[in-house]
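# Examination of the molecular architecture
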Amino acid sequence: MPLARSVSVSSLPGLEEWGGPGAPDNVVLFEVAWEVANKVGGIYTVLQTKARVTADEWGESYVLVGPYVESSVRTQVELLEPPQPALRRTLAAMNAQGCKVHFGRWLIEGSPAVVLLDVGATAWSLERWKGELWESCAIGVPWYDREANDAVLFGFLVAWFLGEFAAQSEERPFIVGHFHEWLAGLGLVLSRARRLPVATIFTTHATLLGRYLCAGSVDFYNNLHSFDVDKEAGERQIYHRYCLERAAAHCAHVLTTVSHVTAAEAEHLLKRKPDLVTPNGLNVRKFSAMHEFQNLHAQSKARVQEFVRGHFYGHLDFDLDKTLFFFIAGRYEFSNKGADIFLEALARLNYLLRVNGSEVTVVAFFIMPARTNNFNVESLKGQAVRKQLWDTANAVKEKFGKKLYESLLVGNLPDMNKMLDREDFTMMKRAIFATQRQSFPPVCTHNMLDDATDPILTTIRRIGLFNSSNDRVKIIFHPEFLSSTSPLLPVDYEEFVRGCHLGVFPSYYEPWGYTPAECTVMGIPSVSTNLSGFGCFMEEHIADPSAYGIYIVDRRFRAPEESCAQLTAFLYGFCQQSRRQRIVQRNRTERLSDLLDWKYLGRYYTFARRMALAKAFPESFTYEPPEAAAGFRYPRPASVPPSPALSRLSSPRHSDEEDERYDEEEEAAKDRANIRRPPSPPGLPTAPARN
């Protein structure tokens, strides 16, 4: 689903949509990935959001290739007959030889064509294909690794399909094969080994070995150059997978990664320097209402506040109008995702808010799916109590309104002593009595299966944040994906993000980082790090990221203690902002949406494809080697930045003065005057006219 943003006076038109040449003539693009119409990980989001831009550029010459998964096909794909004769002949030839190959349309924006290969139907060929893989590439795959076995079946089917398509085409087309991650990489390796006429691209979104090393609490980035990659992969029993990934990286005409930090990782672990960085984007849907995202923030925040009222019933001794909602979300990788440093920073933030007598309360949400067996009874009871109070208030209000109406109808002013009778007071007393409880509000909304050893709960016990009345920082751990059908917190993820004030993602290992990108598109400030692809991208493109609500923690060149102190300073500074300053900052954050739109970032994929064509078919395509070019950078905002650490007008007593001095339209006009147009990717190859 595209994320909506507004077109307002705060939008900067410095980023143009890709206006370069369209797809070359007589070229067919096959994009191969295990996540095509098969939601497994983040690559699914990349393919789904990028499909519309790619389909607009390539039209019917763009086909996605993935595995046939019955459960996903039923809801995501419309099976059809291929419109192109070459595709029809290819599918007929493969199906006649015992394969099961399906064609259809993926029911997403752009409706791209998909070819789905049933790996289960060809499982009888697994051992024969493993033998061929060993003879041709000297890569052995153990019998017990089911995922690697699927990769072998999928890779051989993809290579078979590409070869068959080239043979069945009457006019020999130029074929581009774009392969994502190691699960699809074997198809690339076999295409090169069989000398198929295919220009190949391999994109690694995160290296296998990098994920395993970081999961083991290794000082990863400072020791990249010194790892014995074969030894490390062998000790973790992933050597065969690593060989498949490395072979794909070396066989590809063009190797790309999603960020500069992953490029350095690939250079040392895969032993090849990437040719190009292709950042991940989002399909940003624009609507015309000015500052509509601010209204959506207020509406979504009200939904989150309702949940908080129920969760903290009996201990709601803080002002919700002065309460900020922070959150972290993603896979439950405690250290890799930065949950450890976030919890430590929250403990320090709690101390700072208490000793300085701040009236601000912070509620920090941890949205990380973990093993549970059910909802926490206290959490469910809290929402029931809140609803009961609401029903009681409505019942009393209705009776009060009826008596008031009857009194005014006869021309008398109401006697306030008679407006509420004893029954009404009894109802209200019962409702108030139901809100009494002796225990603290629960930290976790569910019953955890591994409560005693869970990393988040263990750390919370150590730092002592138990949602007591004295704490200015409250914690809610929601170990389940958000859903609008949940009886506890009935909001979907997008609505929840819009209702929060700050997303905190201090990751140690994050090749890209879709969560802070989604925050940016929705106008929500976020914390990232210089070890995440998103953080590096923003540092490259923005002169002063923190002024635009992108706080970047240094986890590369600082010790963990210093990084935690820096994160604490960011959080405390955010808490010191006035409401007006937060509104200004959200305007600036939302202004960065254009940077993350596929209409801008899609050009890097266009460049990679043309580079691959020029390398694979030098007699028909040429390109100039890329030259160093200055990146596009948003300027520092013309007005005083909203961060208390940088602004002398940050204290509450100056907030009125700031309201008078700040003019969003005037500031946006100054930024538009300062902004420089982004350079196109240098050295785009050109195809000569064909006879």
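These notes cover the structure that comes with them. Because the structure is predicted, anything quoted here is derived from the model rather than measured.

With that out of the way, let us pick up the overall build of the protein. When helices and strands are tallied, the protein shows 24 helices and 19 strands. In the protein, which comprises 691 residues, the proportion classed as buried is 57%. Nonlocal contacts in the protein, meaning residues at least 24 apart in sequence, comprise 76% of its contacts between residues at least 6 apart.

Glancing now at the environment of leucine 346. Mapped onto the fold, leucine 346 is located in helix H12 (residues 339–355). Classification of leucine 346 as buried rests on a relative accessible area of 0%. Along the sequence, leucine 346 and alanine 364 sit 18 residues apart, while their C-alpha atoms lie 8.3 Å from each other. If we skip the residues at most four places from it in the chain, leucine 346 touches Ala364, Phe366, Leu465, Val473, Ile475 and Leu571.

An order of S4-S5-S6-S3-S2-S7-S8-S9-S10 is seen for the 9 strands of this open sheet, with the pairing classed as mixed. The open sheet has two edge strands with one neighbour each: strand S4 (77–79) and strand S10 (276–277). As defined by bridge partners, strand S3 (residues 62–67) adjoins strand S6 (residues 113–117) across 5 bridges and the pair is classed as parallel. Among the inter-strand pairings, glycine 66 is bridged to a residue of S6, identified as leucine 116. Against the sheet, helix H6 (residues 181–193) contacts strand S2 (27–32), strand S7 (174–180) and strand S8 (198–204), and its axis sits at roughly 155° relative to S8.

As a further point, take the pattern of salt bridges. Once their charged atoms are close, side chains differing in charge can pair, the charge on each being opposite to the other. Tallying each qualifying case throughout the model produces 33 salt bridges. A salt bridge links lysine 399 to aspartate 421; its shortest N-O distance comes to 4.0 Å. A residue pair is termed long-range when its members are at least 10 positions apart, and lysine 399 in helix H13 (residues 377–409) and aspartate 421 in the loop between helix H14 (416–419) and helix H15 (422–434) qualify at 22 residues. The salt bridge involving aspartate 554 is made with arginine 558; its shortest N-O contact spans 3.8 Å. On the basis of relative accessibility, which here comes to 16%, the residue aspartate 554 falls in the buried class. What emerges from the salt-bridge pattern is a single network uniting Lys399, Lys403, Asp421, Glu423 and Asp424.

Burial of S8 is extensive: 7 of the 7 residues sit out of reach of the surface. Residues Val198, Thr200, Phe202 and Thr204 point to one face of S8 and Ala199, Ile201 and Thr203 to the other, with burial holding for every one of them. Of the pairings in the sheet, the one linking S7 to S8 comprises 6 bridges and is parallel in character. The residue bridging glycine 177 from the neighbouring strand is threonine 200, located in S8. Between S7 and its parallel partner S8, the chain crosses via H6, and the hand of that crossover is right-handed. Bridge count for S8 against strand S9 (residues 254–257) is 4 bridges, and the pairing is parallel.

Counted according to the given criterion, the structure contains 0 disulfides. Lacking any disulfide linkage, cysteine 251 is separated from the closest cysteine sulfur, that of cysteine 137, by 7.0 Å.

Using the criterion set out here, one finds 28 aromatic pairs in the structure. Pairing tyrosine 332 with phenylalanine 477 gives two aromatic rings, centres 6.0 Å apart and planes at 75°, and the pair type is edge-to-face. Separated by 145 residues along the polypeptide, tyrosine 332 in the loop between strand S12 (323–329) and H12 and phenylalanine 477 in strand S16 (residues 473–478) bring together distant segments of the chain. Since its relative accessible area comes to 23%, tyrosine 332 is described here as partly exposed. Ring pairs connect the aromatic residues Phe307, Phe325, Phe327, Phe365, Tyr493, Phe496 and Phe505, which therefore count as one cluster. Over the aromatic face of tyrosine 605 sits the side chain of lysine 50, whose NZ or CZ is 4.8 Å from the ring centroid. Here the guanidinium or amino end of arginine 437 rests over the ring plane of tyrosine 313, the centre of that ring lying 4.0 Å away.

The rules behind each value
- As a convention, each chain's residues are numbered from 1 in the sequence order in which they are written.
- Confidence filtering applies because this is a predicted model: local features only for residues at pLDDT of at least 70, side-chain atom pairs given and counted only at 80 or more, and all residues used for totals across whole chains, interfaces and linings.
- Hydrogens and water are ignored here; the side-chain numbers use all heavy atoms of the structure.
- Counting from the N terminus, the helices are DSSP H or I runs at least four residues long and the strands are E runs at least two residues long.
- Note on classification: 1.4 Å probe, protein chains only; a residue is buried when its accessible area is under 20% of the maximum for its type, exposed when over 50%, partly exposed between these limits.
- Two residues qualify as a contact provided that any one of their heavy atoms is within 4.5 Å of a heavy atom in the partner residue.
- DSSP bridges decide pairing: two strands pair if at least two such bridges lie between them.
- In this description, a line fitted to the C-alpha atoms serves as the axis of each element, helices being fitted only across the stretch in contact, and the angle between N-to-C directions of two axes falls anywhere from 0 to 180 degrees.
- Salt bridges, as used here, are contacts in which a Lys or Arg side-chain nitrogen is within 4 Å of a carboxyl oxygen on Asp or Glu.
- Crossover handedness is defined by viewing with both strands directed away from the observer: a clockwise path from the first strand over the helix to the second marks the crossover as right-handed.
- Two cysteine sulfur atoms make up a disulfide if the distance between them is within 2.5 Å.
- Under the pairing criterion, centres of Phe, Tyr and Trp rings, with the six-membered ring standing for Trp, must be within 6.5 Å; the plane angle then separates stacked pairs below 30 degrees from edge-to-face pairs above 60, leaving the rest tilted.
- The rule for a charge over a ring is simple: NZ of Lys or CZ of Arg within 6 Å of the ring centre, and within 35 degrees of the ring normal.

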